[in-house]
Amino acid sequence: MSALVAALAAHDPQAVAVDPAGAEPLTYAALAQAVAAMRPDLALFDRARPVALQLDHGVDELLWELALLDAGIPVLSLPTFYTAQQSAHALAASGAQALVTAQDVRLLDHARVQLPAGTARITFTSGSTGTPRGICLSEAQMLATAQAVIGHVGSHHAGRHLALLPPGILLETVAGLFATLLAGGTYVVAGADRLGLANPFRPDFASMARAVTGHRATSLILVPELLAGLVGAIDSGCSAPTELTLVAVGGARIAPALIQRARAAGIPVRQGYGLTECCSVVTLQDADDASADNAGRALGHQQVSIAADGEILVSGTLCLGAIGGEPLPSPYPTGDIGSLDEQGRLHVTGRKSSMIVTSHGRNLAPEWLEEVLLAQPAVAQCMAWGDGLPAPRALLVPAHPQADLAAAVAAANAQLPEYARIAGWQEAAHFLPDNGLLTGNGRLRRQAIAAAYLADEPAFFTRLEADTVRQRLAFLSVPQVQAGLAGTISLRVYRDYLTQAYHHVSHTVPLMQAARARLLDRPELVAALDEYIEEETGHEEWILGDIAAAGGDKEWARNSTPHPATRAMVDHAYRTINEGNPVCFFGMVYVLESVSVA
């Protein structure tokens, strides 16, 4: 039996261990019994090969996590936002024997891979450059970190911890799940859709703020973007959570101005620092630390020092090593640049590998510049660059359709010394894991972004995304679209929407046929249209089926007169195809498909 599962019995058996949204809570006694009930089935698995979990937060995900730990079977954590390619790489590289999803348990036939002795969990690093590595950790290492977190913050914070970071993120597993259960608290789990996090990289922050309050959360673990969104939602009128006693923020550099805004809004933020290789948490601010520019002191299980060149070194509890690799050296060179102040608090400057050296010989950490830029409300994302140039430059993603990026840069430059001021900028579309420009835990893939945007001639689609980012943001801000995404749209309005969608979609194939007739000299486009026509034929009948399923009269909808706005949109499409450039059809498809996916 694992040490963590054995510890469950040490708590009040009737105390609530797990509170799943919309389901019956599990007491510590019930949780231990549920884990024990899985033992016979897990005995069929090979204890030397990992089982992969790719599940949303919930009782099933938590039970699999604990039961595999109890059985001594390594867990391969796969966040639900991983692409098919990322998941396939992780499964093959680790020699996984099975994949557990919401649909089923699927046995796999990957070749066995030699893992370090004692491996209990495999977590793939974010892979900011190159292929991500599978980092192996033992149960003892993870529990040592969890106990160190409890020792630093105190078990009195083990109230109701709400899991907001996606499953599979090591920080949430160790400092959230394991620490909460070891301290006797309640771990609150809800599906991503209930938390406004159905798309973790484009959250509905108002829904997230309401969930924090509604679930009476006392503690959270956030990345900077989620903290910024929570603060923004409160600034926009959402009620500030009143029961929070601890909000730990890590995963990336965080602007001191954001820490100050969060605390002013009543959010008890503490900044931390950690790495997967160091079993997640390394440092965390003290409760009485009112400053906003440090990541706190090292927890009891690790020690932090600074190399001669400024690199942060960590010794103490480290991982077992990477799959196929040697154990880590101790002290471990993290690749981050920073310093320790007189109180032993860590100040993180940036990544050693991404340092900008200007033609004037100035060394600039891009994270420093990005931190100042991201403090401007008009900037959603950014990347500073300019190695070898007289002054740094930046790629900026607007936060809203009316974002004044020029003013944002001017305001940022007013806070920077002259040698570090942004000399020029260009607008970009969102950096996301889906387009390969962001890692799974929110770090910039700098090389990929540079290849996409800073080449002599960026690809057409890259330019298209950048040139239309504001229009897509404007579309997503339409009240009816927001109501649909938030689940607050009424059934009547939804049926009315579907009726107009039917009148539009019924013209999709005729519009494609009209465009095809005028593009016969472009065989590559004709081939694309032929494939699309085959795919789209009959989709208007699907919409009628949806209307019937929603309690409407599909025959009435079929025979109804389109709204004038719908008719005008369709007429405009025909007129532009027949009298203008027929390639415009692909523009319409781009808007409808790309926005609906987003």
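Structure report, in brief.

This next bit is on the overall build of the protein chain. In terms of regular secondary structure, the protein chain is built from 23 helices and 25 strands. Its C-alpha atoms give the protein chain a radius of gyration of 26 Å, near enough to 25 Å, the size a compact globule of 598 residues would have. Its C-alpha atoms give the protein chain principal-axis dimensions of about 70 × 65 × 50 Å. Across the 598 residues in the protein chain, those meeting the buried criterion constitute 51%. Partitioning the contacts of the protein chain with sequence separation of at least 6, the portion at a separation of at least 24 is 64%. Looking at the protein chain as shown, the accessible area adds up to about 26600 Å², and 55% of this sits on carbon and sulfur atoms.

To continue, consider the state of the cysteines. This structure, assessed with the given rule, holds 0 disulfides. C136 takes part in no disulfide bond, and the closest cysteine sulfur, belonging to C319, lies 7.6 Å away. On the basis of relative accessibility, which here comes to 0%, the residue C136 falls in the buried class. No disulfide involves C278; its nearest neighbouring cysteine sulfur is the one of C319, lying 7.6 Å away. For C278, a relative accessible area of 0% gives the class buried.

Next up on the list: the sheet that holds strand β25 (residues 424-427). Spatial ordering of the open sheet is given by β23-β24-β25, a layout of 3 strands whose pairing is mixed. Each edge of the open sheet is held by one strand with a lone partner, namely β23 (379-385) and β25. Strand-to-strand twist of the sheet, defined as the mean angle between neighbouring strand axes without regard to direction, takes the value 25°. Of the pairings in the sheet, the one linking strand β24 (residues 393-398) to β25 comprises 4 bridges and is parallel in character. Its bridge partner being in β25, L396 is matched across the sheet by E427. Along the sheet, helix α12 (residues 405-413) contacts β23, β24 and β25; its crossing angle with β25, the most-contacted strand, is approximately 145°.

What follows covers the packing of helix α9 (residues 224-235) against helix α10 (residues 256-264). At a minimum axis distance of 10 Å, the contact between α9 and α10 shows a crossing angle of 45°. Considering their axes alone, α9 and α10 lie oblique with respect to each other. As for how α9 packs across α10, the hand of that crossing is left-handed. Across the interface between the two elements, P224, L227, A228, V231, G232 and D235 of α9 pack against L258, R261 and A262 of α10. Of the residues assigned to the contact of α9 with α10, the class counts are 6 nonpolar, 1 polar and 2 charged.

This part takes up the side chain of D289. If you trace the backbone, D289 turns up in the loop between β14 (280-284) and β15 (297-298). What makes D289 buried here is its relative accessible area of 11%. Here the side chain of D289 touches N294 through a polar contact of 3.1 Å, side chain to side chain.

Ranked by size, the top nonpolar core spans 62 residues in total, and within it L76, L164, L220, L222, L227 and I267 carry the most contacts. When residues of this core are assigned to their parent elements, the largest contribution, 6 residues, is made by α9. Filtering out sequence-adjacent residues up to four positions away, L227 remains in contact with L222, V249, I254, L258, A262, I267 and V269. Membership of the second largest hydrophobic core comes to 58 residues, among which are L63, F178, A179 and V282.

It is worth spelling out the pairing of strand β7 (residues 121-124) at this point. Side chains R121 and T123 of β7 all project onto a buried face; the interleaved residues I122 and F124 project onto the opposite face, where all are buried too. As paired strands, strand β4 (residues 75-77) and β7 are joined by 2 bridges and run parallel to one another. Bridging across to β7, L76 finds its partner in I122. Judged from the 4 bridges that link them, β7 and strand β8 (residues 134-137) form a sheet pairing that is antiparallel. Pairing of R121 across the sheet is with L137, part of β8.

With that out of the way, let us pick up the packing of helix α18 (residues 508-517) against helix α22 (residues 564-579). The N-to-C vectors of α18 and α22 enclose an angle of 10°; their axes lie 9 Å apart at closest approach. Viewed along their axes, α18 and α22 adopt a mutual orientation that is roughly parallel. Judged by the twist between their axes, the crossing of α18 over α22 is left-handed. Between α18 and α22, the contacting residues are P510, L511, A514 and A515 on the first element and A573, Y574, I577 and N578 on the second. Of the residues in the contact of α18 with α22, the class split is 7 nonpolar, 1 polar and no charged.

The subject of this paragraph is the packing of aromatic side chains. Overall, the coordinates contain 5 aromatic pairs when judged by the stated rule. Judged by centre distance (6.4 Å) and plane angle (75°), the ring pair of F431 and Y453 falls under edge-to-face. Placement of F431 in the loop between β25 and α13 (446-453) and of Y453 in helix α13 is noted, with a sequence separation of 22 residues between them. For F431, a relative accessible area of 0% gives the class buried. A ring pair is formed by F585 and F586, whose centres lie 6.1 Å apart and whose planes are at 75°; its orientation type is edge-to-face. Among the aromatic residues, those joined into a cluster by ring pairs are Y532, F585 and F586.

This part covers the pairing of strand β11 (residues 219-222). Covered by surrounding structure in β11 are S219 and I221 together with L220 and L222, the residues of both alternating faces. Sheet topology note: the β11/strand β12 (residues 246-249) ladder contains 4 bridges and is parallel. Counterpart to S219 in the pairing with β12 is L246. Remark: the β11/α9/β12 crossover connection has right-handed handedness.

What follows concerns unusual backbone geometry. Backbone torsion omega between S330 and P331 reads 5°, so that peptide bond is classified as cis. With respect to the helices and strands, P331 occurs in the loop between β18 (321-322) and β19 (332-340). Here C279, not a glycine, exhibits a phi torsion of approximately 65°, which is positive. Mapped onto the elements, C279 comes out in the loop between β13 (269-275) and β14. C279 sits in the buried class, given a relative accessible area of 0%.

Right, let's get into the sheet that holds strand β20 (residues 346-351). On the basis of which strands lie adjacent, the open sheet formed by 4 strands has the order β16-β17-β19-β20 and antiparallel pairing. On the outer flanks of this sheet lie β16 (302-306) and β20, each paired with one strand and no other. With direction set aside, neighbouring strand axes in the sheet form an average angle of 50°. Relative to β20, β19 runs antiparallel, the two being bridged by 5 bridges.

Conventions and cut-offs
Residues numbered from 1 in each chain as written. Predicted model: local features only at pLDDT ≥ 70, side-chain atom pairs only at ≥ 80, totals over all residues. Heavy atoms only, no water. Helix = DSSP H or I, 4+ residues; strand = E, 2+ residues; numbered from the N terminus. Rg over C-alpha atoms; globule rule 2.2 N^0.38 Å. Buried < 20%, exposed > 50% of the residue type's maximum accessible area, 1.4 Å probe, protein only. Contact = heavy atoms within 4.5 Å. Areas by Shrake-Rupley, 256 points an atom, 1.4 Å probe, with all protein chains shown as cover. Disulfide = S-S within 2.5 Å. Pairing = 2+ DSSP bridges. Axes fitted to C-alpha atoms, helices over the stretch in contact; angles between N-to-C directions. Parallel < 35°, antiparallel > 145°, perpendicular 65-115°, else oblique. Left-handed = near helix turned anticlockwise from the far one by under 90°. Nonpolar A, V, L, I, M, F, W, Y, C, P; charged D, E, K, R; others polar. Polar contact = N/O pair within 3.5 Å; in protein donor to acceptor, adjacent residues only side chain to side chain. Core = buried A, V, L, I, M, F, W, Y, C linked by side-chain atoms within 4.5 Å. Phe/Tyr/Trp six-rings, centres within 6.5 Å; stacked < 30°, edge-to-face > 60°. Right-handed = clockwise from strand over helix to strand, strands pointing away.

Bear in mind that shape data such as this cannot, by itself, settle questions of function.
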